[in-house]
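Understanding the architecture of this molecule
Residues per chain are reported as follows:
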Amino acid sequence: MFKVGPRMFQYFVKVIVQAFQLFYILLKIDPLSYIILQNPPGLPSIAVTWLFCVLRRSQLIIDWHNYGYSIMSLTNGPKHPIVRIAKWYEYVFGRLSDYNFCVTNAMKDDLMVNWNIKAATLYDKPASIFRETPIEMQHKLFLNLAKEYPPFRYQSQSKCSGTEKTAFTDLTLENGAVNYNKERPALLISSTSWTEDEDFSVLLKALEEYELYIRNGAKLPSLVCVITGKGPLKEHYSRLIKEMQFKNIQICTPWLEAEDYPLLLGSADLGVCLHKSSSGLDLPMKVVDMFGCCLPVCAIKFKCLHELVKHEENGLIFEDALELAEQLKDMFMDFTSKSSKLNRFRQNLCESVQIRWDESWDQIVLPLITENCKT
């Protein structure tokens, strides 16, 4: 990309180039009745797509997942000229759409009150691949991950003839039966894009407190913490993790294949979400996927999180590292017992009606299109 001149000039050139590229691609497709555009990213796609829709007599539908300007403000600050221009841009061109969807009721109200945009709430829903993972598939997954990541390997030096072991599961070779290892650690998982809207120092501090609980005599399981994803801050946190001295906690940060990620979510005991919405109006998709796998979560609090996470019903909401540490202690106390809080939350998720994405689309989006479709 263009790297000459001040940063503002570089950004301007980048937007212009992307605008021409997008418009060229749109001109190559057949005429459409509707174009659905997800925002963010909306600069320059909203303006370009609107212009294309005017020329082709198509209708523009914007699916608001957040505000682009609020994401930009995380790195530039809310008063930066780029952020102010981006906010003006979204406000002006966002109101030119024919129909709108958004991901929370809070965003629906904000769009109407502050932007005079009428939208329907279309909650994110998990795809059908996000389900509980059968124990036999868990064993195969753990064996595969153990080739590269030591926390998944069976740690004992003694060899057990007739048994294939991972840190979590045992396979009896004689009859092919798979069972959980009686001394297995708890499996904690969090996924991230390693960006500024997720402060992973909160989780690391909570894990330090968890380690102290065990050293002080608390009867808690050892812990394997898996943090998946790629992003700009991964190296920073990886250095911090290497400096930490744990005896009862192992942390690994793998990049999983697309087919392995839902399997791992469906194999975990507890999920942690550190996503803080830049606008306070969107919901973390990672929690949606976790709930699809009937995986309870501990999630950091922000404005509209209650629309997804029901405290003390399908998970817990925390505000800081110490509160998260207490919740981990509470959740993992007798975590294999059917009467534990963790298993009660899991049961609540399994018994709740898990509407999938295609069903949500049929209920909310399809009626709008069929009722208003041009002949």
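Residues numbered from 1 in each chain as written. Predicted model: local features only at pLDDT ≥ 70, side-chain atom pairs only at ≥ 80, totals over all residues. Heavy atoms only, no water.

If you look the protein chain up in an unreviewed UniProt entry, it shows as Chitobiosyldiphosphodolichol beta-mannosyltransferase from Xenopus laevis. For the protein chain, the Sequence similarities (unreviewed entry) comment in UniProt is given as "Belongs to the glycosyltransferase group 1 family. Glycosyltransferase 33 subfamily." For the record of the protein chain, the UniProt heading Catalytic activity (unreviewed entry) holds the text "an N,N'-diacetylchitobiosyl-diphospho-di-trans,poly-cis-dolichol + GDP-alpha-D-mannose = a beta-D-Man-(1->4)-beta-D-GlcNAc-(1->4)-alpha-D-GlcNAc-diphospho-di-trans,poly-cis-dolichol + GDP + H(+)". (UniProt positions renumbered as here; feature names shortened; annotations may be inferred.)

1. Here we look at the sheet that holds strand 10 (residues 249–252)
Sheet architecture is open: six strands sit in the order 10-9-8-11-12-13, paired in parallel fashion. Here the strands that pair on one side only, and so sit at the sheet edges, are strand 10 and strand 13 (315–318). On average, adjacent strands in this sheet sit at an angle of 20° to one another, irrespective of strand direction. Alignment of strand 8 (residues 186–191) against strand 9 (residues 223–228), held across six bridges, turns out to be parallel. Residue serine 190 lies in a different strand from strand 9, and its bridge partner there is isoleucine 227. (Pairing = 2+ DSSP bridges. Helix = DSSP H or I, 4+ residues; strand = E, 2+ residues; numbered from the N terminus. Axes fitted to C-alpha atoms, helices over the stretch in contact; angles between N-to-C directions.)

2. Topic: the nonpolar core
Ranked by size, the top nonpolar core spans 65 residues in total, and within it Trp64, Phe152, Leu264 and Val309 carry the most contacts. Leucine 264 has contacts with Leu141, Phe142, Leu145, Phe152, Leu187, Ile189, Val226 and Leu256, leaving out every residue within four places of it along the chain. Formed by 38 residues, the second largest nonpolar core is a distinct cluster that contains Ala186, Leu223, Cys298 and Met331. (Core = buried A, V, L, I, M, F, W, Y, C linked by side-chain atoms within 4.5 Å. Buried < 20%, exposed > 50% of the residue type's maximum accessible area, 1.4 Å probe, protein only. Contact = heavy atoms within 4.5 Å.)

3. With respect to the sheet that holds strand 7 (residues 178–180)
Sheet architecture is open: three strands sit in the order 5-6-7, paired in antiparallel fashion. Bordering the open sheet on either side are strand 5 (163–165) and strand 7, each of which pairs with just one other strand. With strand direction ignored, the average angle separating the axes of adjacent strands in the sheet is 25°. Relative to strand 6 (residues 169–172), strand 5 is paired through three bridges, and the arrangement is antiparallel. Bridged to glutamate 164 within strand 6 is leucine 171.

4. Considerations on the pattern of salt bridges
Per the counting criterion, the structure on display carries eight salt bridges. Salt-bridge contacts for arginine 215 lead to glutamate 211; the nearest nitrogen and oxygen are separated by 3.0 Å. Separated by four residues within a single helix, arginine 215 and glutamate 211 lie in helix 7 (residues 201–215), roughly one turn from each other. Shared partners join several salt bridges into a network, and the residues in it are Glu312, Asp330 and Lys341. (Salt bridge = Lys/Arg side-chain N within 4 Å of Asp/Glu carboxyl O.)

5. Some thoughts on the environment of glutamate 164
In this structure, glutamate 164 sits in strand 5. Each C-alpha atom, one on glutamate 164 and one on glycine 176, is 9.8 Å from the other, the two residues being twelve residues apart in sequence. Apart from the residues within four sequence positions on either side, glutamate 164 is in contact with His139, Leu143, Thr169, Asp170, Leu171 and Leu173. Looking at glutamate 164, its side chain comes within polar contact range of the side chain of histidine 139, at 2.9 Å. (Polar contact = N/O pair within 3.5 Å; in protein donor to acceptor, adjacent residues only side chain to side chain.)

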